[in-house]
Structure formats: C-alpha cells, structure tokens
Amino acid sequence: MIISIIAAVGLNNELGKNNDLIWNIPSDLKFFKNTTLNHNILMGKNTFFSLKKPLKNRKNIVITDTEIDVEGIVTFSNINDALEYCKNEKEIFVIGGATIYKQFIDIADKIYLTEINDTAEADVFFPIFNKNNFSIEVLGEGHENGVSFKHILYTKVIE
Ligand SMILES: NC(=O)c1ccc[n+]([C@@H]2O[C@H](COP(=O)([O-])OP(=O)(O)OC[C@H]3O[C@@H](n4cnc5c(N)ncnc54)[C@H](OP(=O)(O)O)[C@@H]3O)[C@@H](O)[C@H]2O)c1
C-alpha cells in the first residue's frame, strides 16, 4: 500500500488558521479532488469538522478519540487500526491536519505538496521533512487569486 500525504502549504509551511484553510485556490481544490477521488482519505477530527461533511466518492476515515455521529465516515482511535483497515488499498491519502501529518510524515511514500508562493499568519504548520530522501517532480503550476503555486510530488527514494 502506498501511503500518500496531500497538503497545501505557504512558504513557512503554513497549513491553516482557526480550523480553516488560509488561501482560497479553487484549482488546488480541484487538484486535491482529482488526486484523491475513489481513494480512502485519512484525516484528524479537526480537519473533518472543517470540511463540514464527508467528501464524496472517497472513503472518509477520521482518527479521533471522540464518538462522531455522522453518516458516511469510519472512525479509528489510532493510526495503526486505520492503516490495518486500509491494508488492501493500492494508495491511501492522508489529508491532514497538522497532528495527522506529523504522525504520517516518516512513513509516507509520497507527498503531494501544493507549494504556495506566499506567507500568512497560521496556527498549524506542515512538519519539516528531509527533502533529500525524496525525488521531486513538478506536476503543474498556476496563479489564482493573487498567489502563484506549484504542485510538487515528492516520492521517497531512501528508507
Ligand atoms: N493546507 C492544507 O492542506 C490542510 C489540510 C488539512 C487541514 N488543514 C488545516 O489544518 C487544521 C487542522 O489541523 P489540526 O492539527 O488542528 O487537527 P487535525 O489533525 O485535523 O485533528 C486533530 C484531532 O484528531 C484527533 N487525533 C489525531 N491524532 C490522533 C490519534 N493518534 N489518536 C486519536 N485521535 C487522534 C484528535 O481528536 P480527538 O481529541 O477527538 O481525539 C485531535 O484533536 C485546520 O486549520 C485545517 O484547515 C490544512
């Protein structure tokens, strides 16, 4: 199983503020949708509540110690049980937030990072990782709502 992380970050690894995204980049949301469609997506409780409802055409897996009474999601209280549940999948996507990225960063095979050429105030940040352990491919780039960005795929080459 390929463990992929997907995130959008600013120049200082900014991820979010007040349990919401910072930048409004519709084409990045489209990239996120196309990349994760028909796959299992794993997220923390805060990220799930920031989405408001489960994302369509993906199995929504929420890691939490809290009981969440919402249809269309599966919950686990730790990442190992969530990974066991996904074991027959070809590729799964870890979609955040900061606490979840931190727990997966060392075991991720791929990191789809939208790198936004801007800075902002934030209260959650993407974890630092050693880019030397990854090959780097630019999947695309764009400019929208006043910011430019690149979709970068980091693929692990060193264990
Ligand atoms: N820029 C991006 O690409 C991106 C992507 C996703 C999210 N975000 C942003 O990130 C922020 C949310 O991130 P966050 O770090 O605050 O929250 P989060 O990682 O989404 O969720 C944290 C919660 O998940 C549960 N959890 C995490 N690890 C667990 C474990 N091992 N076992 C049991 N429960 C666990 C805990 O909830 P319980 O207390 O219920 O156990 C914890 O309080 C928002 O601002 C959001 O917009 C940005």
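First, a word on what this report is: a plain description of the structure on this page. (Residues numbered from 1 in each chain as written. Predicted model: local features only at pLDDT ≥ 70, side-chain atom pairs only at ≥ 80, totals over all residues.)

Section: the site of the ligand
For clarity, the threshold we go by: Near, as applied to residues and a molecule or strand, means the residue's backbone-placed C-beta atom lies within 6 Å of it. Runs of H or I in DSSP of at least four residues are treated as helices and runs of E of at least two as strands, each being numbered from the N terminus. When residues are sorted by character, Ala, Val, Leu, Ile, Met, Phe, Trp, Tyr, Cys and Pro go into the nonpolar class, Asp, Glu, Lys and Arg into the charged class, and all the rest, Gly among them, into the polar class.
With respect to spatial proximity, 28 residues lie near the ligand, and among them Gly16, Gly44, Asn46, Gly96 and Gly97 are the closest. Those elements that place two or more of their residues in the shell around the ligand are strand E1 (2-9), strand E2 (14-16), strand E3 (40-44), helix H2 (45-51) and helix H4 (98-104). Here the residues of the shell around the ligand sort into 11 nonpolar, 14 polar and 3 charged.

Quick look at the nonpolar core
Stated precisely, the cut-off is as follows: For this entry, the nonpolar core is defined as buried Ala, Val, Leu, Ile, Met, Phe, Trp, Tyr and Cys residues connected by C-beta atoms within 7 Å. Here exposure depends only on C-beta density: within 10 Å of a residue's C-beta, 20 or more other C-beta atoms make it buried, 12 or fewer make it exposed, and intermediate numbers make it partly exposed, the C-beta atoms being placed from the backbone.
Core analysis: the largest hydrophobic core is formed by 34 residues, its most contacted members being Ile5, Ala7, Leu42 and Val94. Mapped by element, the contributors of at least two residues to this core are E1, helix H1 (26-36), E3, strand E4 (59-63), strand E6 (91-94), H4, strand E7 (110-116) and strand E10 (147-156). The biggest single contributor to this core is E1, with 5 residues.

Some remarks on the environment of lysine 87
Residue position: lysine 87 is located in the loop between helix H3 (79-85) and E6. C-alpha separation for the pair lysine 87 and glycine 10, spaced 77 residues apart in sequence, amounts to 32 Å.

Observations regarding the sheet that holds E1
Each strand in a sheet pairs with its neighbour through backbone hydrogen bonds, running either in the same direction (parallel) or in the opposite one (antiparallel). The cut-off we apply is this: At least two DSSP bridges between two strands are needed for those strands to be called paired. Axis geometry follows a simple rule: fit a line to the C-alpha atoms, using only the stretch in contact for helices, then measure angles between N-to-C directions, giving values from 0 to 180 degrees. Note on contacts: residues are paired as contacts if their backbone-placed C-beta atoms lie within 7 Å.
If you walk across this open sheet you meet the 8 strands as E5-E4-E3-E6-E1-E7-E10-E9, and the pairing is mixed. Either end of the sheet is taken by a strand with one partner, and the two such strands are strand E5 (73-76) and strand E9 (134-144). Strand-to-strand twist across the sheet, computed as the mean angle between neighbouring axes with direction ignored, equals 20°. Note that E3 and E4 share 5 bridges and pair parallel. Across the sheet, residue leucine 42 finds its bridge partner in E4, namely isoleucine 61. This element, H1, spans E1, E3, E6, E7, E9 and E10 of the sheet and lies at about 175° to E1.

Honestly, it's all geometry; don't read function into it.
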